[in-house]
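Coordinate inspection notes
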Amino acid sequence: MHTKINRCIELIDRLDESHTLTGEEIQYLLEHVEETSRDYLTLKADATRRRIYGDRVFLRGLVEVSNFCIRHCQYCGINGLNPNIRRYRLSQEEILASCRGGYEMGFRTFVLQGGEDPAFTDEVLTELIRTLRRDFPDAAVTLSLGERSRESYRRLREAGADRYLLRHETRNRDLYQKIHPNSDFDERTQCLRDLKELGYQVGAGFMVGIPGQTRADLAQDLLFVKELDAEMVGIGPFMPHHDTIFKAEPAGSLADTLLLLSLTRLLLPQALIPATTALASVADDGRELGLKAGCNVIMPNLSPPGVRASYSLYDGKVSFGSEAAEGKTLLEQKIKDAGYQTDLSRGDHATWKIK
Ligand code: SAH
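It should be emphasised that the depicted structure is a prediction, and the values quoted were computed from it without experimental measurement. (Residues numbered from 1 in each chain as written. Predicted model: local features only at pLDDT ≥ 70, side-chain atom pairs only at ≥ 80, totals over all residues. Heavy atoms only, no water.)

As for the overall build of the protein
Scanning the protein from N- to C-terminus turns up 14 helices and 9 strands. Projected onto the principal axes, the alpha-carbon positions of the protein cover approximately 60 × 40 × 35 Å. Residues counted as buried form 59% of the 355 residues belonging to the protein. Within the protein, counting contacts between residues at least 6 apart in sequence, those at least 24 apart form 75% of the total. Per element, the accessible surface of the protein, about 14,100 Å² overall, is 52% carbon and sulfur. Side chains of the protein give 46 positive and 52 negative charges; the mean places of these two sets differ by 3 Å. (Helix = DSSP H or I, 4+ residues; strand = E, 2+ residues; numbered from the N terminus. Buried < 20%, exposed > 50% of the residue type's maximum accessible area, 1.4 Å probe, protein only. Contact = heavy atoms within 4.5 Å. Areas by Shrake-Rupley, 256 points an atom, 1.4 Å probe, with all protein chains shown as cover. Lys, Arg positive; Asp, Glu negative; His and termini not counted. Charge placed at Lys NZ, Arg CZ, Asp CG, Glu CD.)

Here it is, written out as structure tokens:
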């Protein structure tokens, strides 16, 4: 018993000093961590985020631009095969109005996320990005619109996009192919490498507790974000959606997700790590626990309230109250109560120079 605790503490210390471990060592931690070493890891992760980013929590305004999608991701409620959801697509004007509202509230990062919607051509997006950068010159533009060609990513970057979120979802090739029937593991990987080479601040990441996923898989997910040297890492629990084949599966565990967030903080001390919406959806105090485990970003919902329920990635997804931009005062209080301060600046990665 004690040797297991000692072994965990020893691994956590080494991770804290060297910012790396082997896959087997990470897996050992995932399998053997208990209360004492878990608390120790959480404290180390919080100390690391405070050393790099102080007590600041960056807020990003999230605009869910479309729920049309050509992909068939089996866990996701807005996958293109689901006939039961109301599809919507925000117009250029609606997106700009959402961002303007956010800008007036103080947001200086806009995250445009959506399904893979062919209506968002390079022409449409470059015009939108240019307008955003012209109207809000001190704000960053983050895109999260799925897989595109390298040439497309290049054009969007040239138009002024600063960051791109594209979770790798899982590094287990077989599992990836199984849950993404019309996508390709190598293409997703290539997208992430292209985005890095094009000078984006890149966000990778994964879900915790997808049916069929093992702890060995999760260890590989951590090694991948380390190897990619991701600027941002999004990790949230898998949540079932009632229109998918996984509807009866249990949600991913809060404790495992927090553990992976803390390990990520020690592997990549400078990373921007959101306390995700899925984390807030799985437990009432999920966001706060995420912050204490090493997260330093929150992305309140800035979408027009009328479409929020339709961006239904999973059941129970929170999008109102302190999860929404209009609940910012409440959110700021919650952040303060957890022991942190809201920061409304662009909040770039610690190594980023505006290009
Ligand atoms: N089309 C974009 C955005 C996808 S939605 C893209 O491909 O990147 C953003 C993230 O939500 C996904 O990357 C996925 O990890 C997460 N997600 C989707 N369905 C989910 C579910 N059922 N439970 C938890 N997270 C989910």
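Side note on the site of the ligand
Close contacts around the ligand come from 17 residues, with Tyr75, Gly114, Arg167, Glu169 and Met239 the closest. Taking Gly114, its main chain carries an N or O atom lying 3.0 Å from a nitrogen atom of the ligand. (Near = heavy atom within 4 Å. Polar contact = N/O pair within 3.5 Å; in protein donor to acceptor, adjacent residues only side chain to side chain.)

Examining the sheet that holds strand β8 (residues 297–298)
If you trace the 3 strands from one edge of the open sheet to the other, you get β8-β1-β9, paired in parallel fashion. The strands lining the two open edges of the sheet, one partner per strand, are β8 and β9 (341–343). Summarising the sheet, strand β1 (residues 56–59) and β9 pair through 3 bridges and their orientation is parallel. From the neighbouring strand, Val57 faces β9, where its bridge partner is Thr342. Across the sheet, helix α14 (residues 328–337) is in contact with β1, β8 and β9; its angle to β1 comes to roughly 155°. (Pairing = 2+ DSSP bridges. Axes fitted to C-alpha atoms, helices over the stretch in contact; angles between N-to-C directions.)

Some points on the environment of Ile85
Examined against the element boundaries, Ile85 turns out to sit in the loop between β2 (61–66) and α4 (92–105). Remark: the alpha-carbon pair of Ile85 and Ala309, spanning 224 residues in sequence, is separated by 9.7 Å. Look past the residues within four positions of Ile85 in its chain and what remains in contact with it is Asn67, Gly77, Ile78, Asp243, Ser310 and Ser312.

Let's talk about the nonpolar core
Core analysis: the biggest nonpolar cluster contains 91 residues, and Leu112, Leu143 and Tyr200 have the highest contact counts within it. Beyond its immediate chain neighbours, meaning those up to four positions away, Leu112 contacts Val63, Val65, Ile95, Cys99, Leu128, Leu132, Thr142, Leu143, Ser144 and Leu145. Of all hydrophobic cores here, the second largest spans 9 residues; its members include Phe58, Leu165, Leu272 and Met299. (Core = buried A, V, L, I, M, F, W, Y, C linked by side-chain atoms within 4.5 Å.)

Focus: the packing of helix α1 (residues 2–18) against helix α10 (residues 254–267)
Interhelical geometry of α1 versus α10 gives an angle of 40° and a closest axis separation of 8 Å. Classified by the angle between their axes, α1 and α10 sit oblique to one another. Together, Ile12, Leu15 and Asp16 of α1 and Leu263, Leu266 and Leu267 of α10 make up the contact between the two elements. When the residues that make up the contact of α1 with α10 are grouped by side-chain class, the tally is 5 nonpolar, no polar and 1 charged. (Parallel < 35°, antiparallel > 145°, perpendicular 65-115°, else oblique. Nonpolar A, V, L, I, M, F, W, Y, C, P; charged D, E, K, R; others polar.)

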